[in-house]
Amino acid sequence: MINIPQNLKYTKTHEWVKIDGNRAKIGITDFAQHEITDIVHVELPEMYRQVKKSQSVSVIESVKSAFDIYTPLSGKIIGVNNAVLENPEIVNQSPYENGYLFLIEFIDTKELDDLLDVDDYKKLI
Amino acid sequence: MEKLLNELPSSDIPAYNIKSDVGIDVKIPESLRRNLALGLPSIAESDLLRHFTNLSRENYALSTGFYPLGSCTMKYNPLINERISKNEAFTLIHPYQPIESVQGTLEIMYEFGRDLCELTGMDYFSLQQAAGAHGEFAGLLMIAEYFKSVNQVRTKIIVPDSAHGTNPSSAFFAGFDIVHLESEVDGSISPRKLKEILTKEVAAIMLTVPNTLGVFEKSILEISKIVHENGSLLYYDGANLNALMGIVRPGDMGFDIMHINLHKTFAAPHGGGGPGSGPVGVKAFLEPFLPIPRIEKNKYSEFVLNYKKSESIGRLKAFFGNFLIILRSYIYIKALGAEGLKNVSERAVLNANYMLARFKNRINVPAGDRCMHEFVLSLKLLLKNNIRTLDVSKRLLDYGFYAPTIYFPLIVEEAMMIEPTETESKEMLDDFIDVLIKIIFEEAVLEPQKLNEAPINMNIKRLNEVEAARKPILRWK
Amino acid sequence: MNYTSQNKKNKDDMFRTIGIKNVNELFDVIPKDLRAKKLNIEGEKTEQELLNYFSNIASKNKTLVSFRGAGIYDHYIPSLVTEVIGRSEFWTAYTPYQAEASQGTLQTIFEYQSLICAITGLDTSNASLYDGATAAAEAILLSLRVSNRNTILISQALHPEYIQTIKTYLGNSNVKIVIINVSPNGSIKESSVEAVMNDDVAAVIIQSPNYFGIVEDMHALSYVVKRKKSLFIAVINPLSLGIFQAPSEYNADIAVGEGQVLGSHMGFGGVTFGFMAAKKELKWKMPGRIVGQTVDKNNERGFVLTLQSREQHIRREKATSNICTNASLNALAACVFLSGWGDYGFKNLAEVNMSKARYAFDRIKLLDGFSIKFENKIFFNEFVIKTQKSIKRMNEVLLKNNILGPLDLSDMNEFLKNCVLFCVTEQRTKLEIDNLIKILSEI
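Procedures and definitions
- Residues numbered from 1 in each chain as written.
- Chains lettered and ligands numbered in written order.
- Predicted model: local features only at pLDDT ≥ 70, side-chain atom pairs only at ≥ 80, totals over all residues.
- Heavy atoms only, no water.
- Pairing = 2+ DSSP bridges.
- Helix = DSSP H or I, 4+ residues; strand = E, 2+ residues; numbered from the N terminus.
- Axes fitted to C-alpha atoms, helices over the stretch in contact; angles between N-to-C directions.
- Contact = heavy atoms within 4.5 Å.
- Buried area = accessible area lost by both parts, 1.4 Å probe.
- Salt bridge = Lys/Arg side-chain N within 4 Å of Asp/Glu carboxyl O.
- Polar contact = N/O pair within 3.5 Å; in protein donor to acceptor, adjacent residues only side chain to side chain.
- Nonpolar A, V, L, I, M, F, W, Y, C, P; charged D, E, K, R; others polar.
- Buried < 20%, exposed > 50% of the residue type's maximum accessible area, 1.4 Å probe, protein only.
- Domains from an automatic or database assignment.
- Parallel < 35°, antiparallel > 145°, perpendicular 65-115°, else oblique.
- Left-handed = near helix turned anticlockwise from the far one by under 90°.

Engineer: Describe the sheet that holds strand E6 (residues 56-61) of chain A, and please don't skip the residues or the numbers.
Structural biologist: Residue and element names in this part refer to chain A. Reading across from one edge, E4-E6-E7 is the order of the 3 strands in this open sheet, with antiparallel pairing throughout. Every other strand in the sheet has two partners, leaving strand E4 (41-43) and strand E7 (66-70) as the edge strands with one partner each. In this sheet, neighbouring strand axes are inclined to one another by 20° on average, regardless of whether the strands run parallel or antiparallel. Where E6 and E7 come together, 5 bridges link them in antiparallel fashion. Its bridge partner lying in E7, Ser-58 is registered against Ile-69.

Okay, structure coming up:
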């Protein structure tokens, strides 16, 4: 059973977004981690880097493939989840909690309108 | 399983030893001297010999069995090539010897290049590149230099999605942007789709003919016309040249530049992953850009090295290319000659079509009923039994066969790519076909778990690649 | 010769199964007007004819007693190396993608990686690259990849063909290449590096022993480089590591070099291999194949190709390199070579090289018309000598005596006019060295 929490926003490229004021926590969905299968390596964005919406900022790798992760929002990277560097399997085990990828301070609230809610995302998958 | 070197019995007197007949005179200041312990194993020759012999027996090899590896062309490596290439007049030659003392080596490289020109319809070859991908890289750098020389800004290379991964990667490292071209179900190129993305920024399109599904590009002349009318160049990935020797030449199809992998077409040994050699051939207008030095023949019929090529892309490696690999391939050509080479391609295509004919009514073949030297099966029918192509390939190991190439090309779901090569007998092909059919139609239905767990008869069982990558152990402790 | 299996009945059966009358039908898809005419390629020789044909060509080569190095060296190759790489289970094996059927190749590569780590002191080695020059170029690409910087500093005393290779690799990029000048004493000074260092420098690449045979003060140079947080790339002769500092001792980030000295023949400079070792934090950015240890279903130790998502067959244009080869058989030779010396023997091998070079150097410098070029410098097995004699004539006379004389450096630049580079390895006997000196003294 694919888990899709109600309180999150989603993207077409299977990232989830948890908004808290002008900050957002970002990771990949349960569906995505299932599709990728066993994650063996994660690359995270540099701290304090300025990023633009839809830019590839992170990479998630399985044994036989690699997937780009796109930031759904523009802004500054203010936190990264270093735990997944040493133990990438956390992303498989807990995609919405311990396996998040990075925190961003976003600058354009209009970009939030492009995010999908649970029902839209369910239709997508 | 065999122990690691550092676990073998340690001997105070190791296998090798060397003496000085001038004494030892070594004064090294502290700042330059090594203080770190080396930690090298110290093992007797007898134990080392057993160690490496035992390890060799853990290897599947051409000398032990059949490699049905699509796109990789593991054909038989004749022994005479090894024998001649061990001649000390070839092995004990320094690259900076005076030119008059290496005329034999230069003659071989020169004549080999000439034979390649005849075989491919190109005008010049460079033999410096150390592998196929190295050849691609050289070719793409030459394309970049060519367009600079005619003052055109062309920054893009078109690569079909059925291409080898080296194509887009080589183009990227040569400084180009990659434009992906969606290929048809049989891996072929639609001239209409090509036209849609063929802008004035496109420097070249890279094509593999026959393509990676084993299909000859039937629109090649139309493609060539469209590409050249746009001022772009046509690049031939010679990975599959072994299907076409003496039958059709890339140069005649309209290709401007190409590379060859010597182990695929010309029986150089694979060596467990290399070394290789990747000659690059060009039409005359691209000759000025070839890597230096060029091997030439002067008016006295002496072979010389020409470094004076102002428009050359430069050199791709130190020295002159992997001569001892080139030599083996040249011997192969001299063993076969024009007729023999044509026979190789005919037989390779015959073998592949025979196998395809036996599979085609039972297993999905996306590219149709006929092929050139290789073909691709899709084993997606097994997904409903929770069996993947990987499982089938691991089960083949249990039956003493190496597995075909799997999950390539990327455009075929659950792909299994089979290339028998010309050097296998019908009996060998039948044995393989029977086993594969048994696995797919009997075992996959009756004992799916066996496949999921395969290999089960090998010394080593299925290895955990996930843990290997998550917690990398890349050296002994 | 014909290496296909021919049997009339089988062929007819195959035709029948396919539904064709002759093999030409299989090529009907190729347009008639494209078909090749009969090719003009001589051949169809028997084994015996091939042996004669090629021994005739081989006789146009001359094997010589070598006092020349400059990147390729005449070293001793133990019998065991020849025996092991001659086993067809190794030389006719495919790339070990099917791990369970390729443990021999995989384990020897793992052992090779471990041995390269041992001599360099670094944590990670790949499974080998094409050669020393391309390994140097790949190291530079790696440094550009991890740093977001755009300038590369290259020692002028790096092998000229390595510099040319690096320039080719960066030929269609906008990376800035700066050459660090070599000082009149033949080595790179800290101040020369400092003068060109800046925050845009991704890496500094220094060879030691350098092209002139001189062992650089890598510790001091590395220190200058690290102050700007640039990567320090060492190009090294692995045989010299028996006695000279390991790259880890001077905090190198990447060590690369030519592996031919570890058990491969000179072969006109091909085939050889390049090695690359690096600090562990760079492992996911390394080019080329890497073997890792793992376990099978029964928890038995085994080996697989790993960190593969770096590579072109998965990552395509986003791969860390386009390379799809490791010079596996030559790396195997190196593995066998490095496994039979022990620490003492490997150190002794380096010392014999250095001692024989010293023996020759001490005598040549005293000859009339010959003098030291670089005073008071430590060299490994190569050294530069200045001469008033005609270098061309000297080498002609030596060639007549079946000797490959020193490399003429005169064309490199004005500073090296009338200079030659000698190489003396453990292969040269006292008798051969004395004979060389005798001939030089008579020129």
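From this point, the narrative continues.
Engineer: Give me the interface of chain C and chain B: which residues, what numbers.
Structural biologist: Contacts between the two partners involve 188 residues from chain C, matched on the other side by 197 residues from chain B. Of the roughly 16,700 Å² buried at the junction of chain C and chain B (both faces included), carbon and sulfur atoms supply 63%. When the area that chain C buries against chain B is broken down by residue, the three leading residues are Glu100(C), Phe268(C) and Arg316(C), summing to 6%. On inspection of chain C and its partner chain B, the count reaches 8 salt bridges. Lys60(C) is the partner of Glu107(B) in a salt bridge, and the nearest nitrogen-oxygen pair spans 2.7 Å. Scanning the region where chain C abuts chain B turns up 99 residue pairs in polar contact (both at pLDDT 80 or more). Across the side of chain C that touches chain B, the residue classes tally to 83 nonpolar, 65 polar and 40 charged.

Engineer: Can you break down the environment of Ala58(C) residue by residue, with the values?
Structural biologist: Within the element layout of this structure, Ala58(C) appears in helix H2 (residues 47-58). Residue class for Ala58(C) comes out buried when judged on its relative accessible area of 4%.

Engineer: Give a description of the environment of Asn459(B) that names residues and reports values.
Structural biologist: All names here are of chain B. The topology assignment puts Asn-459 in the loop between helix H14 (448-453) and helix H15 (465-470). By relative accessible area, Asn-459 is classed as exposed at 57%. Counting along the chain gives 458 residues from Asn-459 to Met-1, while the straight-line C-alpha distance between them is 7.6 Å. Leave out the neighbours within four places in its chain, and Asn-459 touches Met-1 and Glu-58. Within polar-contact distance, the side chain of Asn-459 engages the side chain of Glu-58 at 3.1 Å.

Engineer: Which residues make up the domain arrangement of chain B, and what are the values?
Structural biologist: Residues and elements named next belong to chain B. What the domain assignment lists for chain B is domain 1 (1-58), domain 2 (80-334) and domain 3 (344-466). Spacing between the C-alpha centres of domain 2 and domain 3 amounts to 31 Å. Facing 24 residues of domain 2, the contacting portion of domain 3 comprises 19 residues. Interface of domain 2 and domain 3: buried area, both sides summed, is about 1,500 Å²; carbon and sulfur atoms make up 64% of it. Put simply, domain 2 and domain 3 have 0 salt bridges between them. On inspection of domain 2 and its partner domain 3, the count reaches 8 residue pairs in polar contact (both at pLDDT 80 or more). The residue inventory of the side of domain 2 that touches domain 3, partitioned by class, reads 12 nonpolar, 9 polar and 3 charged.

Engineer: Could you give me a rundown of the interface of chain A and chain C, with the residues and numbers involved?
Structural biologist: Facing 12 residues of chain A, the contacting portion of chain C comprises 8 residues. Buried area between chain A and chain C, summed over both chains or domains, comes out near 790 Å², and the portion from carbon and sulfur atoms is 42%. The three residues of chain A that bury the most area against chain C are His41(A), Glu61(A) and Lys64(A), which together make up 41% of that side's buried surface. Between the two partners, chain A and chain C, sit 3 salt bridges. Glu61(A) is the salt-bridge partner of Arg315(C), the closest N and O atoms lying 3.1 Å from each other. Remark: the boundary between chain A and chain C carries 6 residue pairs in polar contact (both at pLDDT 80 or more). Secondary structure elements with two or more residues in the side of chain A that touches chain C: E4, E6 and E7 of chain A.

Engineer: Outline the packing of helix H13 (residues 391-400) of chain C against helix H14 (residues 430-442) of chain C, listing residues and values.
Structural biologist: Packed helix pairs are specified by the crossing angle of their axes together with the interaxial distance, meaning the distance between the axes. Residues and elements named next belong to chain C. It is at 10 Å that the axes of H13 and H14 come closest, and there the two elements cross at 135°. With respect to each other, H13 and H14 are oriented oblique. At the point where H13 passes H14, the crossing takes the right-handed sense. Here H13 contributes Met-394, Val-397 and Leu-398 to the contact with H14, which in turn contributes Leu-436, Ile-439 and Leu-440.

Engineer: How would you sum up the pattern of salt bridges? Please name residues and give values.
Structural biologist: All names here are of chain B. Applying the stated criterion across every chain yields a total of 60 salt bridges over all chains. For Asp-25, the salt bridge identified is with Lys-27, shortest N-O distance 3.1 Å. A relative accessible area of 25% places Asp-25 in the partly exposed class. With a relative accessible area of 64%, Lys-27 lands in the exposed category. A salt bridge links Lys-309 to Glu-287, with the shortest nitrogen-to-oxygen separation between them at 3.0 Å. Here Lys-309, found in the loop between strand E9 (303-306) and helix H11 (323-359), pairs with Glu-287, found in the loop between strand E7 (280-282) and strand E8 (294-297); they are 22 residues apart in sequence, far enough to count as distant.

Engineer: Requested: an account of the sheet that holds strand E5 (residues 50-51) of chain A, with residues and values cited.
Structural biologist: All names here are of chain A. Strand order in the open sheet made by the 6 strands is E1-E2-E3-E9-E8-E5, with antiparallel pairing throughout. Bordering the open sheet on either side are strand E1 (9-10) and E5, each of which pairs with just one other strand. Bridging between E1 and strand E2 (residues 15-20) involves 2 bridges; their strand directions are antiparallel. Across the sheet, residue Tyr-10 finds its bridge partner in E2, namely Trp-16.

Engineer: Explain the pairing of strand E9 (residues 102-106) of chain A to me, and be specific about the residues and the numbers.
Structural biologist: Residue and element names in this part refer to chain A. Only one face of E9 is buried, namely the one carrying Phe-102, Ile-104 and Phe-106, since none of Leu-103 and Glu-105 on the opposite face is buried. Here 4 bridges tie strand E3 (residues 23-28) to E9, and the two strands are oriented antiparallel to one another. In the strand pairing of E9, Ala-24 is matched with Ile-104.

Engineer: An account of the packing of helix H4 (residues 103-120) of chain B against H11(B) is requested, with residue identities and associated values reported.
Structural biologist: Residues and elements named next belong to chain B. For the pair H4 and H11, interaxial distance at closest approach is 10 Å and the crossing angle is 45°. As summarised for this structure, H4 and H11 are arranged oblique, according to the angle between their axes. Our pair here, H4 against H11, has a crossing hand that is left-handed. Taking contact as the criterion, the partners of Thr-105, Ile-108, Met-109, Glu-111, Phe-112, Asp-115, Leu-116 and Leu-119 in H4 are, on H11, Phe-323, Ile-326, Leu-327, Ser-329, Tyr-330, Ile-333, Lys-334 and Leu-341. A per-class count over the contact of H4 with H11 returns 11 nonpolar, 2 polar and 3 charged.

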